[in-house]
Structure formats: C-alpha cells, structure tokens
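Descriptive analysis of the structure
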Amino acid sequence: MLTHIDQNNNPTMVDVSEKATTTREAIASAKVYLPQEILDLLNEGEINTKKGPVLQTAVIAGTMAVKKTSELIPFCHPLLLESIKLNTSFDKDNKLIITCMVKNTGKTGVEMEALQGATSAALTVYDMCKAMSHDIKIEMVQLEKKSGGKRDFKRDHHEN
C-alpha cells in the first residue's frame with residue numbers, strides 16, 4: 001500500500017498520530033569523486049579554494065539542508081531535530097565520503113533528513129570546486145542505517 005496516497009488516489013501526508021514516540025536515528029552517505037587537480041589542494045584535511053574552505057562549507061550546507069528537508073520534500077513532516085552531525089573523510093581510492101547523522105525523538109523517522117544533508121553537502125563540494133574541474137562526480141548517495149521506527153535497517157557494505 002502506498003502511504004502517501006489517500007483512498008481517493010490523492011497525494012497526502014502520512015498520519016503519524018497513532019505512532020509511538022521513539023528515538024530515531026539515520027545515517028546517510030554520499031561519495032564524491034574529485035579529480036587530481038582538486039585533490040592536490042587537500043592540506044591538513046581541508047580543500048581551500050578562492051571560494052573558501054570547501055569541506056567546512058559543505059558541513060554547514062548539509063546541516064542547513066537537513067533543517068529544510070520538510071520544505072523541499074513535499075510529504076516530509078517538519079521535525080524537532082535533536083542532533084545533526086556531518087563528517088568528511090577520504091577512502092582508500094581518494095574519494096570523498098560525506099556522512100550525515102540525524103537524530104530526533106518523535107513519531108516519524110529522519111532518513112530523508114540524513115539523505116538531504118549528505119546530498120546538499122556533496123552538491124556544495126561540486127559548486128565550490130567546479131571552477132577547477134567539471135570532472136567531479138557525485139557517485140552514490142544512500143541510506144547507511146536507520147533505527148527507532150517500525151523496522152531498523154543497516155546496509156551490508158559487502159554489497160557495494
């Protein structure tokens with residue numbers, strides 16, 4: 001059954017009034033391929049460009065995006081968020097990994113907020129670095145883990 005469609009086939013927001021209030025957490029990630037000319041600017045964990053510190057700005061942008069999720073995704077409930085954490089790191093292939101963890105206590109989950117945060121942070125990296133190269137690739141945005149709702153989820157990283 002589609003939860004965002006009512007009995008008359010009209011789009012609707014899910015009624016969560018009967019759901020239990022629980023602590024809910026979600027973690028999403030985005031992978032960003034950066035070409036060598038951008039990686040060459042990496043110094044002490046930051047990429048500094050004429051536009052400023054790329055990774056610090058991406059963390060701020062991701063945090064702002066999490067808070068705006070219900071304004072951007074039509075049927076997301078506005079939530080009182082208790083924690084937003086964004087981290088950046090590089091994997092063994094020098095791909096930038098952005099992770100976004102969101103937590104709240106409520107009746108609906110926060111996976112869309114985590115996905116929105118990781119996506120917006122990745123787009124900010126692209127925006128701040130595109131003057132140096134358009135060969136930047138946002139390769140994967142995905143939910144890594146969610147807990148506290150009707151069913152928990154944890155991605156098996158052997159599938160990737």
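Since the model is a prediction, treat every value here as computed from it, not as a measurement. (Residues numbered from 1 in each chain as written. Predicted model: local features only at pLDDT ≥ 70, side-chain atom pairs only at ≥ 80, totals over all residues. Heavy atoms only, no water.)

Describing the overall build of the chain
Looking only at helices and strands, the chain has four helices and eight strands in total. Listing the helices and strands of the chain from first to last along the sequence gives β-α-β-β-β-α-α-β-β-α-β-β. A buried classification covers 34% of the 160 residues belonging to the chain. Accessible surface, the chain: about 9600 Å² in total, of which carbon and sulfur atoms supply 52%. Looking at charge distribution, the chain has the averaged site of its 20 positive side-chain charges lying 3 Å from that of its 21 negative ones. (Helix = DSSP H or I, 4+ residues; strand = E, 2+ residues; numbered from the N terminus. Buried < 20%, exposed > 50% of the residue type's maximum accessible area, 1.4 Å probe, protein only. Areas by Shrake-Rupley, 256 points an atom, 1.4 Å probe, with all protein chains shown as cover. Lys, Arg positive; Asp, Glu negative; His and termini not counted. Charge placed at Lys NZ, Arg CZ, Asp CG, Glu CD.)

A few points about the pattern of salt bridges
Scanning the entire structure with this criterion turns up five salt bridges. When the shortest N-O distance is used, the salt bridge between E71 and K68 registers 3.8 Å. Exposure remark for K68: the relative accessible area of 42% places this residue in the partly exposed category. Note that D93 and K92 form a salt bridge whose closest N and O atoms lie 3.5 Å from each other. Among the residues examined, D93 registers a relative accessible area of 48% and is labelled partly exposed. Salt bridges sharing common partners tie together K51, D127 and K130. (Salt bridge = Lys/Arg side-chain N within 4 Å of Asp/Glu carboxyl O.)

So, to be careful, I would describe these as geometric facts and stop short of saying anything about function.
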